[in-house]
Amino acid sequence: MEGAVKNRLKVLRAERDWSQADLAQRLDVSRQSVNAIETGKYDPSLPLAFRIARLFALPIEQIFQDCDA
Amino acid sequence: MSASTSSTPASGVTGQPAWRRYIGRYMIGMGIWGALFFPMIWAAYSHRLPGAPWIYIVTAAPAFGVAIVVWSMLRYLEEETDEYQRLLNTRAFVVATGMVLVLTTGWGLMQWFAGLPKVSLFNVFLRFLACQGVATGWVRWRAR
């Protein structure tokens, strides 16, 4: 069950020295959810992807890349 | 939908408010089921059940607790804001339902046509709960 979208969540989180739990709290999701997105087990919905983009103050396509593109 | 900076830690499924509400409602449903089921069984075995039409109401009453449990699952799926947790728990509910349907159908056919012992239908709810436990463990293990 691998996602069809790559993401830079782990890198962006590391740049800010946030743990998965820190990021989970900022996004109001579980740490397990952050881990699943980072490892590509789960592709977030568009609303959650927008929340992530807003949190990192980046355009959504600088965080998520379509593997099929 | 804004980026939330809620002070409530969302460190895992048990920390989610929707999950806590689900467990609370689930326990209420189980409590109602037990409070109606065990006295009814006692009444049945001690020949104290009322006559018709009350016997139908008294003997079917524990199913009301089952309805509360099913309703609590529906409410949880509507209220859970963590979409990944919702996905995992939806999977667990579907797998548990599938296990009960497959096992019940298989056993029913073998009971009718292969001479297996008859199994009562009234405890299918307990079988579902057992399957839900197995399904939740399996889904969480796959997602680890």
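Residues numbered from 1 in each chain as written. Chains lettered and ligands numbered in written order. Predicted model: local features only at pLDDT ≥ 70, side-chain atom pairs only at ≥ 80, totals over all residues. Heavy atoms only, no water.

Moving on, we come to the overall build of chain B. Looking only at helices and strands, chain B has five helices and zero strands in total. Start at the N end of chain B and walk to the C end: the helices and strands fall as α-α-α-α-α. Looking at chain B as a whole, 31% of its 144 residues are labelled buried. Surface summary for chain B: the accessible area is close to 8900 Å², and the carbon and sulfur share equals 72%. (Helix = DSSP H or I, 4+ residues; strand = E, 2+ residues; numbered from the N terminus. Buried < 20%, exposed > 50% of the residue type's maximum accessible area, 1.4 Å probe, protein only. Areas by Shrake-Rupley, 256 points an atom, 1.4 Å probe, with all protein chains shown as cover.)

Below, the discussion takes up the packing of helix 3 (residues 31-38) of chain A against helix 4 (residues 83-113) of chain B. Contact geometry for helix 3 of chain A and helix 4 of chain B: axes closest at 8 Å, N-to-C directions at 90°. If you check the angle between helix 3 of chain A and helix 4 of chain B, you find them roughly perpendicular. Contacts between helix 3 of chain A and helix 4 of chain B involve Q32(A), S33(A) and A36(A) on the former and, on the latter, Y84(B), Q85(B) and L88(B). (Axes fitted to C-alpha atoms, helices over the stretch in contact; angles between N-to-C directions. Parallel < 35°, antiparallel > 145°, perpendicular 65-115°, else oblique. Contact = heavy atoms within 4.5 Å.)

All names here are of chain B. The grouping of W107, M110 and V119 at the surface amounts to a nonpolar patch, some 240 Å² of accessible area in total. When you line up the elements, V119 lands in the loop between helix 4 and helix 5 (124-143). For V119, a relative accessible area of 35% gives the class partly exposed. (Patch = residues over 30% accessible without salt bridge, like charges linked within 9 Å, V, L, I, M, F, W, Y side chains within 5 Å. Salt bridge = Lys/Arg side-chain N within 4 Å of Asp/Glu carboxyl O.)

Bringing the packing of helix 1 (residues 17-45) of chain B against helix 5 of chain B into the picture now. Residues and elements named next belong to chain B. It is at 13 Å that the axes of helix 1 and helix 5 come closest, and there the two elements cross at 150°. One finds that helix 1 runs roughly antiparallel with respect to helix 5. For the pair helix 1 and helix 5, the sense of crossing is left-handed. Taking contact as the criterion, the partners of Y22, Y26, M30 and W33 in helix 1 are, on helix 5, F125, L126, L129 and Q132. Among the residues making up the contact of helix 1 with helix 5, the classes are represented as seven nonpolar, one polar and no charged. (Left-handed = near helix turned anticlockwise from the far one by under 90°. Nonpolar A, V, L, I, M, F, W, Y, C, P; charged D, E, K, R; others polar.)

All names here are of chain B. In a regular helix each residue adds 1.5 Å, so 18 residues correspond to 26 Å; helix 3 (residues 62-79) covers 26 Å between its end C-alpha atoms and thus fits that length. Among the residues of helix 3, P62, G65, I68, V69, S72, M73, Y76 and E79 are the ones counted as buried. Taken around the axis of helix 3, the buried residues stretch over an arc of 140°, which confines them to a single face. The inward-facing, buried residues of helix 3 contact helix 1, helix 2 (54-60), helix 4 and helix 5. (Expected span 1.5 Å × (residues − 1). Arc of directions from axis to C-beta.)

We now examine the pattern of salt bridges. Within the structure shown, the criterion is met by six salt bridges over all chains. In this structure, E15(A) and R16(A) form a salt bridge, with 3.6 Å as the shortest nitrogen-oxygen distance. For R16(A), a relative accessible area of 30% translates into the label partly exposed. Salt bridges sharing common partners tie together R21(B), R25(B), R75(B), E78(B) and E79(B).

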